[in-house]
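# Coordinate analysis (summary)
So you can see what is in the structure, the chains are spelled out below.
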Amino acid sequence: MSIVVLISGNGSNLQALIDAQLPASISHVISSSADAYGLERARKAGIPHSVHSLQSYYQGVPVSDKDERKKRRQTFDKELAKKITALHPKLVVCAGWMLILSPAFLDPISEAGISIINLHPALPGTFLGLNAIERAWEAGRRGEITEAGLMIHYVTAAVDEGEPLIVKKLLLNKDETLEKYEERIHAAEHEAIVEGTIKAYESIAAGQQ
Ligand code: GRF
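Residues numbered from 1 in each chain as written. Predicted model: local features only at pLDDT ≥ 70, side-chain atom pairs only at ≥ 80, totals over all residues. Heavy atoms only, no water.

### Side note on the overall build of the protein chain
Counting its secondary structure elements, the protein chain contains seven helices and seven strands. Each helix and strand of the protein chain, placed in order from N terminus to C terminus, yields the pattern β-α-β-α-β-α-α-β-α-β-α-β-β-α. Since a compact globule built from 209 residues should have a radius of gyration of about 17 Å, the 17 Å found for the protein chain is in line with a globular shape. Overall, the protein chain is about 45 × 45 × 35 Å in size when its C-alpha atoms are taken along their principal axes. Considering the protein chain as a whole, with its 209 residues, one finds that 47% of them fall into the buried category. (Helix = DSSP H or I, 4+ residues; strand = E, 2+ residues; numbered from the N terminus. Rg over C-alpha atoms; globule rule 2.2 N^0.38 Å. Buried < 20%, exposed > 50% of the residue type's maximum accessible area, 1.4 Å probe, protein only.)

### Considerations on the nonpolar core
Within soluble globular proteins, side chains that are nonpolar generally end up buried alongside one another. Ranked by internal contacts, the top residues of the largest apolar core, which has 40 residues, are Val5, Val93 and Ile193. Take this core: its biggest share by element is nine residues, from helix α7 (residues 178–205). Judged by nonpolar contacts, the second largest core, of 20 residues, contains Ile30, Tyr58, Val92 and Val155. (Core = buried A, V, L, I, M, F, W, Y, C linked by side-chain atoms within 4.5 Å.)

### Remarks on the site of the ligand
By nearness alone, 13 residues border the ligand, and Gly11, Ser12, Asn13, His186 and Glu189 come closest of all. Contacts to the ligand include asparagine 10, whose backbone N or O atom sits 3.5 Å from an oxygen atom. For the ligand, the accessible surface in isolation is 370 Å², of which the surrounding protein chains cover 86%. Looking at the shell around the ligand, the elements with two or more residues in it are α1 (12–19) and α7. Here the shell around the ligand is built from residues that sort into five nonpolar, seven polar and one charged. (Near = heavy atom within 4 Å. Polar contact = N/O pair within 3.5 Å; in protein donor to acceptor, adjacent residues only side chain to side chain. Areas by Shrake-Rupley, 256 points an atom, 1.4 Å probe, with all protein chains shown as cover. Nonpolar A, V, L, I, M, F, W, Y, C, P; charged D, E, K, R; others polar.)

### A few points about the side chain of arginine 69
Examined against the element boundaries, arginine 69 turns out to sit in helix α4 (residues 66–85). For arginine 69, the contacting residues outside a window of four places in its chain are Tyr58, Val61, Pro62 and Val63. (Contact = heavy atoms within 4.5 Å.)

### Considering the sheet that holds strand β5 (residues 115–120)
The sheet built from seven strands is open, its strands ordered β3-β2-β1-β4-β5-β6-β7 with mixed pairing. Each having just a single partner strand, β3 (49–51) and β7 (164–171) make up the two edges of the open sheet. Sheet twist, expressed as the mean angle between neighbouring strand axes with direction ignored, is 20 degrees. Relative to β5, strand β4 (residues 91–94) runs parallel, the two sharing four bridges. The residue of β5 that forms the bridge with valine 93 is isoleucine 117. (Pairing = 2+ DSSP bridges. Axes fitted to C-alpha atoms, helices over the stretch in contact; angles between N-to-C directions.)

### Structural notes on the packing of α1 against helix α2 (residues 37–44)
Contact geometry for α1 and α2: axes closest at 9 Å, N-to-C directions at 15 degrees. Relative to α2, the element α1 is oriented roughly parallel. Where α1 crosses over α2, the handedness of that crossing is right-handed. In contact with Ser12, Leu14, Gln15 and Ile18 of α1, α2 contributes Gly38, Arg41 and Ala42. In the contact of α1 with α2, the residues fall into three nonpolar, three polar and one charged. (Parallel < 35°, antiparallel > 145°, perpendicular 65-115°, else oblique. Left-handed = near helix turned anticlockwise from the far one by under 90°.)

### Concerning the pairing of β5
Most of β5 sits inside the fold, with six of its six residues counted as buried. Alternating residues of β5 divide into Ser115, Ile117 and Leu119 and Ile116, Asn118 and His120, and every residue in both groups is buried. Following the backbone out of β4, through helix α5 (residues 103–111) and into the adjacent parallel β5, one traces a crossover that is right-handed. Pairing geometry for β5 and strand β6 (residues 147–154), over four bridges, is antiparallel. Residue pairing in the sheet places histidine 120 in a bridge with methionine 151 of β6. (Right-handed = clockwise from strand over helix to strand, strands pointing away.)

### What to know about the pattern of salt bridges
Pairs can form between side chains of opposite charge once their charged atoms are near each other. The final tally for this structure, using the stated rule, is ten salt bridges. Glutamate 68 is the partner of lysine 71 in a salt bridge, and the nearest nitrogen-oxygen pair spans 3.6 Å. Highlighted residues: lysine 71 and glutamate 68, both in helix α4, separated by three residues, approximately one helical turn. Residue lysine 71 is classed as exposed on the basis of its relative accessible area, which comes to 52%. Glutamate 147 is the salt-bridge partner of lysine 169, the closest N and O atoms lying 3.7 Å from each other. (Salt bridge = Lys/Arg side-chain N within 4 Å of Asp/Glu carboxyl O.)

Given below as structure tokens:
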């Protein structure tokens, strides 16, 4: 059984997976950006890697042409699914993948019997979408919440709302700087991404997924 990991940037969560004793191999890393340092991490680890860039699909289409960009985005999703199904993984791990995955991607992945999980750096049902870490930290500063954290969850079309696999809670300290909170949550992410991947693998191996 093999795993495909999707990244968009630094790849510190990918690195945690590379350094872990996983029950399955990472057969391929796909980045949404050619500049992602995570690609260098894959190269150093001898893991095949490629880029699937949304910008290249949007080439020559003005931002104002919403219909054409919507079509290109669908094609981007469809062709990403094709790339992944051709690799025959049993599990896709979104590790710092920053793009919303539509049914144009999720449906063929599900039809191919491939599970997909995602790291969302906020607690279930909170701070959906981008910049979750900063938004949670700011809510803590405003005294609105006293705890935040992260989850690894199954990916569905409802962004960041699939069934949680792993939840890690962190107490917020109003006087803590964002940098300090980021250090704590990234450390927790690096544990959770490994635990979540192993847990998802075990469900697949037990035929539950
Ligand atoms: C992480 O905080 C992740 O939750 C978010 O992107 C950040 C960077 O992840 N989606 P990585 O270092 O690229 O794994």
